[in-house]
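# Topology and contacts: notes
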Amino acid sequence: MSTHNSLFQKKMVQEALRESFVKLNPKVMFRNPVMFTVEIGTAIMLIVSFWTLFGGQNQGSFAYNFTVFVLLLLTLLFANFAEAIAEARGKAQADSLRKTREETPAKLQNGTTISSSKLKKGDVFICEPGDVIPSDGEIIEGLATIDESAITGESAPVIRESGGDKSSVTGGTKVLSDRIVVQVTTNQGESFLDKMIALVEGASRQKTPNEIALTILLAGFTLVFIIVTITLKPLADYTNIPITIAAFIALFVCLIPTTIGGLLSAIGIAGMDRALRANVITKSGKAVETAGDIDVLLLDKTGTITIGNRKATKFHPADGIDETQLIRAAVLSSMSDETPEGKSIIELSEVNPLSYDLKNPQFIKFTAETRSSGINFEGTRIRKGATDAIKNMVMNAGNAFPKEVETVVKVISENGGTPLVVAENEKVLGVIELQDIIKTGIRERFERLRKMGIKTVMVTGDNPLTAKYIAEKAGVDDFIAEAKPEDKMNYIKREQAEGRLVAMMGDGTNDAPALAQADVGVAMNSGTQAAKEAGNMVDLDNDPTKLIEVVEIGKQLLMTRGTLTTFSIANDVAKYFAIIPALFITAIPALQGLNIMDLHSPESAILSAVIFNAIIIPLLIPLALKGVSYKPIGASALLRRNLFIFGLGGIVAPFAGIKLIDLIVSIFF
Amino acid sequence: MNTEILGIIVMFTLSVLLAIPLGKYIAKVYAGEKTLLDPVFNPVERIFYRISSINIQSDMNWKQHMIALLTINMVWFLIGMLILMTQGSLPLNPDNNPGMSPDLAFNTVISFVVNCNLQHYSGETGLSYLGQFWLMFLQFVSAGTGMAAAVVLFRAFRDKSTSALGNFYDYFVRSCTRILLPVSFIIAIILVFEGTPMTFEGKDTMTTLQGNTVEVSTGPVAAFVPIKHVGTNGGGFFGVNSAHPFENPSYFSNMVEMVGQLIIPMAMIFAFGHFIRRKKLSRMIFSVMTVGFLMLAIPNINMETNGNQAISAMGIDNSLGAMEGKEIRLGAPASGFWSIVTTVISTGSVNAMHDSSMALSGMNELLAMMINSFYGGVGVGLLNFFIFIILAVFISGLMVGRTPEFLGKKVEAREIKIAMIIALLHPLLILVGTALAAALPQYTAASLNNPGFHGLSEMLYEYTSASANNGSGFEGLGDNTVWWNISTGFVLILSRFLPIIGPVAIAGLLAEKKFIPEGDGTLKTDTATFGLMTFAVIIIVAGLSFFPALTLGPIAEFFSMK
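Note that the structure is a prediction, hence the values are computed from the model and not measured. (Residues numbered from 1 in each chain as written. Chains lettered and ligands numbered in written order. Predicted model: local features only at pLDDT ≥ 70, side-chain atom pairs only at ≥ 80, totals over all residues. Heavy atoms only, no water.)

Next up on the list: the UniProt feature "binding site: Mg(2+)" (unreviewed entry) in chain A. Residue and element names in this part refer to chain A. UniProt records the feature "binding site: Mg(2+)" (unreviewed entry) at Asp507 and Asp511, using the numbering of this structure. If you trace the backbone, Asp507 turns up in the loop between strand 20 (502–506) and helix 19 (512–517). A residue is classified by how much of its surface remains accessible, and Asp507, at 13% relative accessible area, is buried. Once residues lying within four places of it in the same chain are set aside, the contact partners of Asp507 are Asp165, Lys166, Met524, Gly527, Thr528 and Ala531. With respect to the helices and strands, the residue Asp511 is situated in the loop between strand 20 and helix 19. Take Asp511: its relative accessible area is 10%, and that puts it in the buried class. Among all residues touching Asp511, those that are not within four sequence positions of it are Lys488, Met504 and Gly506. (UniProt positions renumbered as here; feature names shortened; annotations may be inferred. Helix = DSSP H or I, 4+ residues; strand = E, 2+ residues; numbered from the N terminus. Buried < 20%, exposed > 50% of the residue type's maximum accessible area, 1.4 Å probe, protein only. Contact = heavy atoms within 4.5 Å.)

In structure tokens:
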């Protein structure tokens with residue numbers, strides 16, 4: 001998958017430049033109240049410029065007025081450019097994903113072949129080794145190994161099969177072995193990716209709740225400064241001070257929060273774009289924002305906290321039983337066991353099972369009722385299974401369950417292991433210890449989450465003792481043991497009733513209700529269609545730790561808005577000190593005392609302020625697109641830090657900037 | 001140390017020391033816990049509630065609270081109009097003062113109902129004793145109204161999630177009987193001993209040294225003056241307010257009145273902390289307010305003490321400070337201190353003429369009212385401050401990467417909309433009012449004492465005072481004209497009730513929301529950092545929007561003097 005490390009690629013910039021002008025259309029501009037008022041000001045300045053050109057008096061020179069007009073126009077274009085470049089980047093990212101699903105032939109069940117673009121929801125097609133899957137769908141028959149590297153970048157093939165929780169296939173991926181029958185789940189143009197592209201392009205982009213609140217705040221500030229500017233006219237008249245229209249409009253445009261107003265939508269788009277770069281498709285901008293608010297994170301133990309599967313780590317023979325006897329029984333009972341646990345037992349034994357020469361072996365498969373598996377041969381019955389299942393079997397046959405085995409079982413459980421008891425002809429031989437392997441680095445990630453104020457909850461099918469041990473070892477805050485799908489649901493509901501926001505990740509149809517209930521539900525792309533419909537994000541990488549990244553992206557999104565708002569408003573202090581003296585100084589020379597920046601002339605002061613106001617927007621575009629970096633140092637420390645950088649910085653930077661610009665402008669005005 | 005400065009420090013420290021236990025007591029009163037005065041007032045209240053068939057046990061939501069508040073205020077207004085317009089022929093009128101004109105009565109009653117007391121009349125000649133009594137009654141109930149509204153806010157943040165916010169009448173009556181009345185009573189006793197008159201006998205006569213006979217207005221002054229301060233009303237019995245020797249006879253009475261107006265606004269902040277069991281939060285609020293207050297008060301004391309250097313330069317002794325418009329028994333420093341106390345709090349009583357303050361002192365007085373939330377009026381000061389907290393919570397909440405929360409409640413679009421409207425209202429009323437007055441000299445020019453920058457300051461001050469429900473004046477303005485009576489009357493109504501309804505609505509909406517328990521990622525609002533943020537929001541929202549207007553008024557005057 002291609003990554004675009006450079007923020008501004010030539011093609012994107014060209015596209016964005018063109019869009020900047022298209023977006024000048026007042027109808028589009030109206031969505032952003034702050035910039036819309038700037039556009040009105042720009043239009044007025046255009047009229048004033050021409051009026052001065054044709055002999056208008058008392059408004060300053062044509063050159064000065066026209067310069068103000070051009071600067072305001074630039075302010076608008078810069079703001080539009082910010083939005084356009086964010087859109088272009090998002091689109092490019094989405095396009096590179098979409099490229100994987102260009103026209104491919106689809107083999108229908110009746111043998112005919114049609115183009116993938118003709119596939120409709122409900123159609124059924126067949127894929128054989130070497131075929132590129134023509135559309136997203138769900139396997140209804142068969143099992144296949146699939147190369148998903150086109151989407152995930154992961155080269156190891158994955159297994160997808162009908163019926164289970166890993167039944168989804170993605171268009172553009174390649175079947176490596178076996179034959180599958182797939183049903184199309186979405187119409188062309190309605191896939192999650194298509195929906196996301198529409199979100200990025202603005203067609204169906206809706207403002208998120210925080211964005212709406214912030215827009216209200218900014219509109220409020222704009223209104224305040226409309227009042228300030230308009231009422232200044234009669235006050236100035238009363239004190240016999242003439243003020244030019246250019247000065248009024250410059251004062252207004254500099255005071256209203258144009259910096260954040262111009263960058264607001266770019267920040268939102270960039271948030272979705274960052275999610276997409278992390279290979280997460282979001283179904284709405286709101287989901288990304290909500291991710292930043294998450295209080296509780298539900299994580300499946302397997303694959304997230306521990307490396308996939310348990311491994312056999314030790315054989316514990318019962319009293320009076322030779323270890324080789326136990327190993328032999330363990331190996332024999334696992335011969336036909338294809339589960340990773342079964343394989344790990346043979347690995348641990350270091351014995352080749354084929355070296356035992358058996359006649360007419362009969363393998364007993366694991367079932368939910370017996371909760372054990374094993375082998376029968378020549379009158380020998382070997383079973384391995386859950387403690388209580390074997391215990392029942394042994395006691396029913398009239399044999400005792402050895403006390404020391406009972407102790408071993410308890411110790412293993414307490415240490416987070418899973419005991420498998422082995423019995424031969426209803427007599428206990430010993431215990432196989434299985435252990436979970438906790439992923440490296442996961443403890444640190446949980447520590448980071450805790451510092452963010454997020455509670456982590458491990459969900460596992462293990463018994464409470466084992467779960468507790470692993471929870472402590474991995475550093476999660478809570479766990480749900482022996483979890484059934486409804487337990488997850490209940491846990492989510494309980495946390496939500498207490499006011500917390502919950503995120504979870506899931507893939508199975510069983511998970512769908514919980515995914516829908518959770519505030520942020522991330523479905524794995526490999527999961528069932530039901531799960532993907534229920535969640536509000538889809539992770540293309542099927543990576544269970546992805547939730548952590550998503551949370552950080554959400555936080556960055558909110559922080560970027562907050563810090564740039566602070567910066568924008570803090571800038572007003574310096575702009576006041578540039579423009580207010582400039583407005584009155586000709587009439588009241590004594591006000592030179594207010595000109596603390598010692599700006600050259602009223603015109604140069606006003607132009608410098610307007611120039612600063614305009615160029616700060618493009619200067620901040622990289623920050624808006626990349627986002628303010630999040631550090632989990634606690635809310636108060638974070639506020640102090642951001643207040644220092646963007647608050648104090650917002651006060652100081654324009655003093656320096658405006659003075660510097662004035663030194664240059666003073667050559668001309 | 002200079003005894004005059006020492007006097008100020010004593011006044012301020014005493015206020016804080018008294019406010020702390022008083023806050024605890026106020027919290028108890030509103031929580032319905034047992035207090036000392038229960039045996040006295042409980043039976044009286046019970047009879048009163050039975051007659052008016054009010055059940056104080058029935059909880060109200062925020063809307064019902066506001067309907068109750070507006071209804072009783074409406075009744076007081078109508079009765080007041082009736083009394084003031086017909087007082088000439090009503091009893092208790094020993095000086096035979098005539099009834100008020102409709103526009104003056106409108107302005108007067110409104111301004112007392114809204115706890116502003118913008119007095120466009122002089123009490124000596126404008127009011128009968130019955131009129132004075134009605135206005136005294138209004139000083140109690142308008143203060144009670146503000147306090148009751150603040151208690152709705154208290155209640156909204158005490159329980160986890162509720163729409164039942166107690167009973168308005170209960171809060172209101174308790175404010176008057178358990179808090180305002182006893183404190184006023186104590187102050188009245190002290191003032192009587194200091195020489196403030198308390199009589200119904202009408203004008204007294206005295207013979208001057210030259211042998212002329214002079215008629216001196218007196219009246220039930222000692223009853224009137226305490227509530228004027230305790231309730232942060234500011235409506236004086238006499239035209240010149242607390243500069244009048246009967247209203248404020250001595251330096252000691254000056255201290256008592258100063259402490260009297262500071263304690264309840266301060267105590268309400270502490271009461272808030274006790275009531276919602278978050279004392280640290282109330283300490284943060286108190287600290288921010290105090291820093292703001294001192295930043296205005298200290299320069300004023302300094303400037304008034306130093307006096308006008310242009311006068312010294314003319315060879316005139318200026319050692320007493322800027323004494324124009326000041327009382328010699330009170331002195332320049334205490335008057336400078338008072339000028340900020342009375343403007344940050346919405347009292348608006350004066351012991352010196354603000355029109356004569358130094359140019360930048362005048363600016364600080366204006367700024368105090370423009371901000372209107374460093375302590376602020378009884379009850380309403382906290383409500384105003386709450387709006388700034390909401391705005392600060394929103395911006396800083398985003399800055400730490402979470403949807404903003406205040407005390408476990410999410411602050412969302414609706415709350416921001418209300419907060420922004422309220423924050424906008426103050427500059428709107430002040431600037432539009434002043435701009436209209438400046439643009440329509442045919443109505444206003446004749447009433448101005450000064451032309452130019454100072455004249456603009458006079459107009460700006462009048463609307464600022466009205467919009468802040470303060471009631472003090474740059475008394476150079478001859479304000480009893482139809483223009484000023486009607487325009488400031490409307491400003492008063494809007495700027496009183498909307499800033500009460502807005503914060504109460506936000507509190508009510510937040511109260512109904514789900515409570516989110518605090519975590520490590522939650523922004524703490526009781527820290528110094530958040531206090532700084534709130535302070536910055538106040539300065540930028542309330543301070544900066546007035547910068548251009550202030551530049552044309554006091555700042556231009558200041559620079560032109562040099």
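This part covers the sheet that holds strand 4 (residues 137–141) of chain A. All names here are of chain A. Ordered by their spatial adjacency, six strands build an open sheet running 2-1-3-9-4-7, and the pairing between neighbours is antiparallel. Strand pairing shows two members of the sheet lacking a second neighbour, strand 2 (113–115) and strand 7 (168–169), which therefore form its edges. The pairing of strand 3 (residues 124–127) with strand 9 (residues 180–184) spans four bridges and is classified as antiparallel. Within strand 9, the position partnered with Val124 by the bridge is Gln183. (Pairing = 2+ DSSP bridges.)

With that settled, consider the interface of chain B and chain A. Taken together, the 60 residues of chain B in the interface contact 63 residues of chain A. Summed over both partners, the interface of chain B with chain A comes to about 5,000 Å²; 78% of that surface belongs to carbon and sulfur atoms. Counting the surface chain B buries against chain A, the share from its top three residues, Leu398, Met399 and Leu552 of chain B, is 13%. Its salt-bridge partner being Arg402 of chain B, residue Asp295 of chain A comes within 3.0 Å of it at the nearest N-O pair. One can count nine residue pairs in polar contact (both at pLDDT 80 or more) joining chain B with chain A. Those elements that provide at least two residues to the side of chain B that touches chain A are helix 14 (380–399), helix 15 (413–439), helix 17 (452–467), helix 19 (528–543) and helix 20 (547–561) of chain B. Here the element with the most residues in the side of chain B that touches chain A is helix 15 of chain B; it accounts for 13 residues. (Buried area = accessible area lost by both parts, 1.4 Å probe. Salt bridge = Lys/Arg side-chain N within 4 Å of Asp/Glu carboxyl O. Polar contact = N/O pair within 3.5 Å; in protein donor to acceptor, adjacent residues only side chain to side chain.)

It is worth spelling out the pattern of salt bridges at this point. Residues and elements named next belong to chain A. Throughout the structure, instances matching the rule amount to 35 salt bridges over all chains. In this structure, Lys23 engages Glu87 in a salt bridge whose closest nitrogen and oxygen atoms are separated by 3.2 Å. Residue Lys23 is located in the loop between helix 1 (10–22) and helix 2 (26–29), and its partner Glu87 is located in helix 4 (residues 62–98); the two are separated by 64 residues in the primary sequence. Both residues of the pair, Lys23 and Glu87, belong to the buried class. Here Lys107 makes a salt bridge to Asp131, at a shortest N to O gap of 2.9 Å. Here Asp131 lies in the loop between strand 3 and strand 4 and Lys107 lies in strand 1 (residues 105–108), a separation of 24 residues in the sequence. Residue classification places Asp131 among the buried positions, given a relative accessible area of 18%. Linked by salt bridges that have partners in common, Lys107, Glu128, Asp131 and Arg179 make up one network.

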